[in-house]
Amino acid sequence: MSDRLDILVFGAHADDAEIGMGGTIIKHVDAGYRVGICDLTYAEMSSNGTVEGRRQEAEAAAGVLGLAMRSNLGLPDRGLFATPEHVRRITEEIRRYAPRIVFAPYWEDRHPDHVACSRLVEEAVFNAKLRRYMPEMPAVQVDQLYFYFINDMGRTDVMVDITAEQERKEQALLCYRSQFESGLGEEDAVSTPLNQGYIERVRSRDKLTGQRRLIPYAEGFAARSPFLVDKFM
């Protein structure tokens, strides 16, 4: 089978994609689309958990989501910058899997790594189509780049009904026990916003998003490019 994906989702850390669009991923996988996630870092600066433990949690979550692939570029956590090397690494991933659609974190968020990831992916999507950039790999034209929300909501250009997928989305999030559960018995475990009811807040956000179209749960997305329609009716 070809490595080509229909959808490639980028996140700064494992669990970013699950938070922002876990339901949408599951919905597309169930419909037969090949979906993959590329995590940019090993989240080695996280207050709780370990790199190896986070890797195992990410693999477990990938199983719940039904991903065709999950990769990690091993870029430095809290060290993501718009350098030529970082852009090149992400561009390589886009060209390797030639996705029709790419997702990245929304460009405004309280976590600087999410903002950096957004900018890096946007630049890589642009560079991926330039045939004289990294000519050793075929150029790839991505049809559409969308942005998903992690901590902070922004404008919502499109939403996906995830009512049927909400429970499995939360199952994927629960794979990250080191991040979302407190009182695990680790001597150096600390209290963070993630282990103080964060999954419940994600559920509330998805419910509030769905309320705008009178559906139980939805995930929202933003796009910089306008949508093209043939007609409205």
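Below, the structure is looked at part by part.

Attention shifts here to the packing of helix H2 (residues 51–65) against helix H5 (residues 166–174). Look at H2 against H5: their axes get within 8 Å of each other, and the N-to-C directions meet at 165 degrees. Classed by the angle they form, the pair H2 and H5 counts as roughly antiparallel. Like other packed secondary-structure pairs, H2 and H5 cross with a definite hand, here right-handed. Here H2 contributes Ala-61, Val-64 and Leu-65 to the contact with H5, which in turn contributes Arg-168, Gln-171 and Ala-172. Looking at side-chain class alone, the contact of H2 with H5 contains four nonpolar, one polar and one charged residues.

One non-glycine residue, Asp-15, adopts positive backbone phi at about 105 degrees. The phi angle at Arg-78 is positive, at roughly 60 degrees, despite the residue not being glycine. By the secondary structure assignment, Arg-78 is in the loop between strand E3 (69–75) and helix H3 (84–97). Residue classification places Arg-78 among the partly exposed positions, given a relative accessible area of 44%.

Here we come to the pattern of salt bridges. On inspection of all chains with the given rule, the structure shows 20 salt bridges. One salt bridge in this structure joins Asp-15 and Arg-54, with 3.2 Å as the shortest N-O distance. With a gap of 39 residues between them, Asp-15 in the loop between strand E1 (7–11) and helix H1 (16–30) and Arg-54 in helix H2 connect regions that are remote in the sequence. Each member of the pair Asp-15 and Arg-54 is classed as buried. One salt bridge in this structure joins Arg-88 and Glu-85, with 2.8 Å as the shortest N-O distance. Here Arg-88 and its partner Glu-85 are both found in helix H3, three residues apart, which amounts to about one turn of the helix. Under the relative-accessibility criterion, Arg-88 is labelled partly exposed at 26%. Since its relative accessible area comes to 38%, Glu-85 is described here as partly exposed. Among the charged side chains, a salt-bridge network with shared partners connects Lys-169, Arg-205, Asp-206 and Glu-219.

Parameters and conventions
Residues numbered from 1 in each chain as written. Predicted model: local features only at pLDDT ≥ 70, side-chain atom pairs only at ≥ 80, totals over all residues. Heavy atoms only, no water. Axes fitted to C-alpha atoms, helices over the stretch in contact; angles between N-to-C directions. Helix = DSSP H or I, 4+ residues; strand = E, 2+ residues; numbered from the N terminus. Parallel < 35°, antiparallel > 145°, perpendicular 65-115°, else oblique. Left-handed = near helix turned anticlockwise from the far one by under 90°. Contact = heavy atoms within 4.5 Å. Nonpolar A, V, L, I, M, F, W, Y, C, P; charged D, E, K, R; others polar. Buried < 20%, exposed > 50% of the residue type's maximum accessible area, 1.4 Å probe, protein only. Salt bridge = Lys/Arg side-chain N within 4 Å of Asp/Glu carboxyl O.

All quantities given are derived from atomic positions and should not be read as evidence of function.
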